[in-house]
Amino acid sequence: MNLPHLFWFIFCCGALWKIGRLKPDPETDMVRIIIDGPGEIGRISKQDARDVINRVEGIGIEPGGTVGLSTSGHGVVFKIPGEERTQFIAVAMQVWNMLEYWPRKKAALFEEVGGG
């Protein structure tokens, strides 16, 4: 088990495994959703990412899917249909930092590996 990639976090679930990142694209003001291996699987605008942190609902991902804040408010949940894995989680504080220090910061992207 590669411990540096295992991130224990409580979202009323188990452990989260780092599988990618959210990376700012300063040329287009978009956040790229990148999975290690396959690469970019979606994009969301910088303003939409801010809206998610502010609990706005019904925000879409290009080319398809949705994004929203978790019930606890600690996670940003990306649901992307058609991928091998369909749900990804980013720590809300990391997303906030990425937006505040645009475009210098990135945010880690995780998938749940244990049930609660």
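Peer 1: Looking at this structure, I do not really get helix H1 (residues 46-53). What am I missing?
Peer 2: Within H1 the residues assigned to the buried category are Lys 46, Ala 49 and Val 52. Projected onto a plane normal to the axis of H1, the buried residues spread over an arc of 115° and lie on a single side. Here the buried face of H1 lies against strand E3 (30-35), strand E4 (39-45), strand E5 (59-60), strand E6 (66-69), strand E7 (75-79) and helix H2 (92-100). Just beyond H1, the residue with positive phi is Arg 55, at close to 70°.

Peer 1: Is there a simple way to explain the pattern of salt bridges in this structure?
Peer 2: Opposite charge on two side chains permits pairing when their charged atoms draw close. One pass over the structure, following the stated rule, counts five salt bridges. Among the salt bridges present, the one from Glu 40 reaches Arg 32, with a minimum N-O distance of 2.6 Å. Looking at Glu 40, the relative accessible area reads 35%, which means it is partly exposed. Overall, the relative accessible area of 23% leaves Arg 32 in the partly exposed class. Among the salt bridges present, the one from Glu 100 reaches Arg 50, with a minimum N-O distance of 3.4 Å. Here Glu 100 is found in helix H2, whereas its partner Arg 50 is found in helix H1, with 50 residues between them in sequence. By relative accessible area, which is 40% here, Glu 100 ends up partly exposed. Members of the salt-bridge network, linked through shared partners, are Asp 25, Arg 32, Glu 40 and Arg 43.

Rules behind the numbers
- Residues numbered from 1 in each chain as written.
- Predicted model: local features only at pLDDT ≥ 70, side-chain atom pairs only at ≥ 80, totals over all residues.
- Heavy atoms only, no water.
- Buried < 20%, exposed > 50% of the residue type's maximum accessible area, 1.4 Å probe, protein only.
- Helix = DSSP H or I, 4+ residues; strand = E, 2+ residues; numbered from the N terminus.
- Arc of directions from axis to C-beta.
- Contact = heavy atoms within 4.5 Å.
- Salt bridge = Lys/Arg side-chain N within 4 Å of Asp/Glu carboxyl O.

Read these as spatial facts, not as claims about activity.
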